[in-house]
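Report on the structure
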Amino acid sequence: MKIAVIGSGSWGTAMAMLLAKKGNSVYLWSWIQEETDRLNSDRENKEFLPGIKLLDSIVCTHDMGECIEGTEVIVTAVPSPATRTTAKAMSQYVADGQKIVNISKGLEGDLRLSEVYRSEIPQADISVLSGPSHAEEVSRDIPTTVVIASDNKDTAEFLQNVFMTENFRVYTSDDIIGVELGGALKNVIALCAGISDGLGYGDNTKAALITRGVAEISRLGVAMGAKASTFAGLSGLGDLIVTGTSTLSRNHTAGELLGKGMDLDTVLKKVHMVVEGVNTATAAYNLGKKYGVETPIIEQAYNVLYNGVNPKDAVNMLMTRRKTSE
């Protein structure tokens, strides 16, 4: 089948490769012509996924119409700040009932990314894919498991077959809210795990951050309509483990640099890619206030990023909070 992948960063490129290896005709869209030209000339995404040669069946294009028209599935892989602009550009080419799978993780204010796509492309059938999945590892066929969430069981099972390979196992879920929130909010906690490493703290501290972070994400998610069990699965705990402990994670990397004393602007320039945890921290902080949910780790992440709080002081504030039960 013809499949469009919108967004040629590391994750979009890795997904294009996975789908092309299954024999599909894949169109990979880049937001600027110069990037498309580089991909076509190099047949490699040297900036975001170096060392992985693009298959001949992948067509790199800057033409949104060429990319989308006649496709059976559209995969969206753009950073969360670009979601609405991209959705607006896509809308005129999307047919009624067109299946769109968003694989990006983030929030736009109070909105989940699927809600942004639904608002701009109401005629589409929107699903989400999430889970512990570094693009670098997926592109090298390292065994990976993810979950696809959809309101429609038939759609979820159709997409499960589209993406499933012997090295890429796909589960289905009907909890879009939980799958999206797990994928978005874990980036904030992963940033904190990186800060902990940057401060020189050990495994005890990081394990506490991850465990209590899951508790925060779950409390907030349930208040927003998600299932608590989702956050114990691939798109919750699973994704947080891989993002909060790996050197391949840009959120962990950014946090580690912050913990070592680097300022935020310098960190973002050094990482060179979108750090979703930084973008999501404000939205997560505001959602906690909106729903009346305690999110102490998220609040301290927000304070470190935007209120000038020293990371070591933030840890001290977490450790000396009022006594409570688990």
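See the structure printed just above.
Attention in this report is confined to the structure presented alongside it. (Residues numbered from 1 in each chain as written. Predicted model: local features only at pLDDT ≥ 70, side-chain atom pairs only at ≥ 80, totals over all residues. Heavy atoms only, no water.)

A few words now on the environment of Ile148. Along the chain, Ile148 falls in strand 11 (residues 144–149). C-alpha separation for the pair Ile148 and Asn45, spaced 103 residues apart in sequence, amounts to 26 Å. Apart from residues no more than four positions distant in its own chain, Ile148 is found in contact with Val128, Leu129, Ala156, Leu159, Gln160, Phe163, Val170, Tyr171, Thr172 and Ser173. (Helix = DSSP H or I, 4+ residues; strand = E, 2+ residues; numbered from the N terminus. Contact = heavy atoms within 4.5 Å.)

The subject of this paragraph is the packing of aromatic side chains. For the structure shown, the criterion picks out 2 aromatic pairs. Pairing Tyr285 with Tyr302 gives two aromatic rings, centres 4.1 Å apart and planes at 5°, and the pair type is stacked. With Tyr285 in helix 13 (residues 276–291) and Tyr302 in helix 14 (residues 296–306), the pair connects residues that are 17 residues apart, well separated along the chain. For the ring pair Tyr302 and Tyr306, a centre distance of 5.5 Å and an interplane angle of 50° mean the geometry is tilted. Here Tyr302 and its partner Tyr306 are both found in helix 14, 4 residues apart, which amounts to about one turn of the helix. Since its relative accessible area comes to 17%, Tyr302 is described here as buried. Site record: aromatic cluster; members linked through ring pairs are Tyr285, Tyr302 and Tyr306. One residue, Lys2, lies across the ring of Tyr27, its end atom 4.3 Å from the ring centre. One Lys or Arg, Lys99, reaches over the ring of Phe158 and ends 5.1 Å from the middle of that ring. (Phe/Tyr/Trp six-rings, centres within 6.5 Å; stacked < 30°, edge-to-face > 60°. Buried < 20%, exposed > 50% of the residue type's maximum accessible area, 1.4 Å probe, protein only. Lys NZ or Arg CZ within 6 Å of the ring centre and 35° of its normal.)

Taken by themselves, the reported measurements are silent on function.
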